[in-house]
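Chain residues, written in single-letter form:
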Amino acid sequence: MEAPCAQYVPTTLLLIITYLTFYFALDDFTDRIMVSLTALMVMAALFLQTNQSMPRTAHLKVVDIWFLFCIIIKFVIVLWLVVINYVRQMEALRGRKQQVPTHNGKVWTNVNGSLDSAVTITTTVITANKINFWAQLIIPTGFFARKAAREEEEKATKEGRDEEEGGREGEEEEGGREEGRGRGGREGGRKGEEEEGGREGGRERKRREGGREEGRGRGRREGGKERKRRY
């Protein structure tokens, strides 16, 4: 239980903090990028500390995959912030109109070739706002979609293991049946051999008994002949 409390919770909080930079003001690029880079460096430091404190293995651990996922997401957020700031600056340059200052400090814009109206200069940042809005939607959607995919993968893996275990149990049960059949066949063979041996023994006894009876009969006949000769 140490890994979820010591690693997953702070990394999740850092990921949330990095995502919240999309809700900063668009023209506040310094704060947006500094918060994101600081969270990214803290995440990298935690990753190195965790690798040094945990035993080395030949394969990637679950906590390693989680750290790599968080670092990649943070790096993507940093790139997104840079792109949004670049688009905002380009739109600001394209949306800036020709300005002519007057004697009272007001800003006047040349409209139809005459200086007859004061126009408030507004910078259009429509594309940058759209990119920022889609970033606010895509990042959590991708996170939860990855989580759902991981749960489905774990579920499929568990079902595969259950099917494999069920197959093994079926094979063991079938093997036990075959072994029982083999034992029954051997036992039956032994009983048959014993019965056959008993029959052969009975026949041999009968032969012996018959031989004895025949010998006795011969002895009686020989004795009768001998008596007759004497008389």
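The structure displayed is predicted, hence computed values, not measured ones.

Caption draft 1: Region of interest: the overall build of the chain. Along the chain, the regular secondary structure elements total 4 helices and 2 strands. Start at the N end of the chain and walk to the C end: the helices and strands fall as α-α-α-β-β-α. Of all 231 residues assigned to the chain, the portion counted as buried reaches 19%. Partitioning the contacts of the chain with sequence separation of at least 6, the portion at a separation of at least 24 is 67%. Counting only carbon and sulfur atoms, one obtains 56% of the accessible surface of the chain, whose full area is about 17,600 Å².

Caption draft 2: Structural detail: the UniProt feature "transmembrane region" (unreviewed entry) in the chain. Annotation from UniProt places "transmembrane region" (unreviewed entry) at residues 6-26, 33-50 and 65-87. Within the segment residues 6-26, helix and strand shares are 67% and 0% respectively, and the terminal C-alpha atoms sit 34 Å apart. Between the C-alpha atoms that bound residues 33-50 there is a distance of 26 Å. The span itself is 100% helix and 0% strand.

Caption draft 3: Expanded view of the nonpolar core. Counting residues in each nonpolar core, the largest one holds 25 residues, and the members touching the most others are Phe22, Phe67, Cys70, Ile77, Trp80, Ile84 and Ile139. Looking at this core, the elements that each hand over two or more residues are helix 1 (2-19), helix 2 (29-53), helix 3 (62-95) and helix 4 (126-230). At 12 residues, helix 3 tops the list of elements feeding residues into this core. Ile84 has contacts with Phe22, Leu26, Arg32, Ala128, Ile131 and Asn132, leaving out every residue within four places of it along the chain.

Caption draft 4: Region of the structure containing a negative patch on the surface. Residues Glu151, Glu152, Glu153, Glu154, Glu159, Asp162, Glu163, Glu165, Glu169, Glu171 and Glu172 make up a contiguous surface patch of negative charge. Note on placement: Glu165 falls in helix 4.

Caption draft 5: View of a nonpolar patch on the surface. A cluster of nonpolar side chains, namely Val9, Leu13, Ile16, Leu20 and Tyr23, defines an oily patch on the protein surface of about 480 Å² accessible area. Relative to the helices and strands, Tyr23 is located in the loop between helix 1 and helix 2.

Caption draft 6: A look at the packing of aromatic side chains. Taken as a whole, this structure holds 7 aromatic pairs when the rule is applied. With centroids separated by 5.9 Å and ring planes inclined at 85 degrees, the aromatic side chains of Tyr8 and Trp66 adopt a geometry described as edge-to-face. Of the two residues, Tyr8 sits in helix 1 while Trp66 sits in helix 3, which places them 58 residues apart along the sequence. We classify Trp66 as buried; its relative accessible area is 10%. Judged by centre distance (5.4 Å) and plane angle (35 degrees), the rings of Phe47 and Phe67 are tilted. Of the two residues, Phe47 is situated in helix 2 and Phe67 in helix 3; the sequence distance between them amounts to 20 residues.

Caption draft 7: Representation of the environment of Leu26 in the model. For Leu26, the location among the structural elements is in the loop between helix 1 and helix 2. Note: C-alpha distance between Leu26 and Ile84 (58 residues apart in sequence) is 8.0 Å. When neighbours within four sequence positions are excluded, Leu26 is seen to be in contact with Arg32, Ile84, Arg88, Ala128, Asn129 and Asn132.

Caption draft 8: Broad picture of the confidence of the model for the chain. Looking at the chain as a whole, its pLDDT mean stands at 75, while 76% of the residues score no less than 70. Taken element by element, the chain is modelled with least confidence in strand 1 (residues 99-101), mean pLDDT 46, and with most confidence in helix 2, mean pLDDT 91. This model gives residues 97-124 a pLDDT under 50, and the stretch forms 33 contacts once residues within four places in sequence are excluded.

Caption draft 9: Focus on the layout of surface pockets. The calculated volume of the second largest pocket comes to roughly 190 Å³. The wall of the second largest pocket is formed by Thr12, Leu15, Ile16, Tyr19, Phe69, Ile73, Ile77, Ile139, Pro140, Phe143 and Phe144.

Caption draft 10: The side chain of Ser36, seen in detail. Mapped onto the elements of the fold, Ser36 is located in helix 2. A polar contact is formed between the side chain of Ser36 and the backbone oxygen of Arg32, at a distance of 3.0 Å. With residues near it in sequence (within four places) discarded, Ser36 still touches Thr18, Thr21, Ile77, Val78 and Leu81.

About the criteria used
Residues numbered from 1 in each chain as written. Predicted model: local features only at pLDDT ≥ 70, side-chain atom pairs only at ≥ 80, totals over all residues. Heavy atoms only, no water. Helix = DSSP H or I, 4+ residues; strand = E, 2+ residues; numbered from the N terminus. Buried < 20%, exposed > 50% of the residue type's maximum accessible area, 1.4 Å probe, protein only. Contact = heavy atoms within 4.5 Å. Areas by Shrake-Rupley, 256 points an atom, 1.4 Å probe, with all protein chains shown as cover. UniProt positions renumbered as here; feature names shortened; annotations may be inferred. Core = buried A, V, L, I, M, F, W, Y, C linked by side-chain atoms within 4.5 Å. Patch = residues over 30% accessible without salt bridge, like charges linked within 9 Å, V, L, I, M, F, W, Y side chains within 5 Å. Salt bridge = Lys/Arg side-chain N within 4 Å of Asp/Glu carboxyl O. Lys, Arg positive; Asp, Glu negative; His and termini not counted. Charge placed at Lys NZ, Arg CZ, Asp CG, Glu CD. Phe/Tyr/Trp six-rings, centres within 6.5 Å; stacked < 30°, edge-to-face > 60°. pLDDT = per-residue confidence, 0-100. 1 Å grid on protein atoms, 1.4 Å probe; cavity = no way out; pocket = protein on both sides within 12 Å on 5 of 7 lines; lining within 4 Å. Points joined across faces, edges and corners; volume = space filled by probe spheres on them. Polar contact = N/O pair within 3.5 Å; in protein donor to acceptor, adjacent residues only side chain to side chain.

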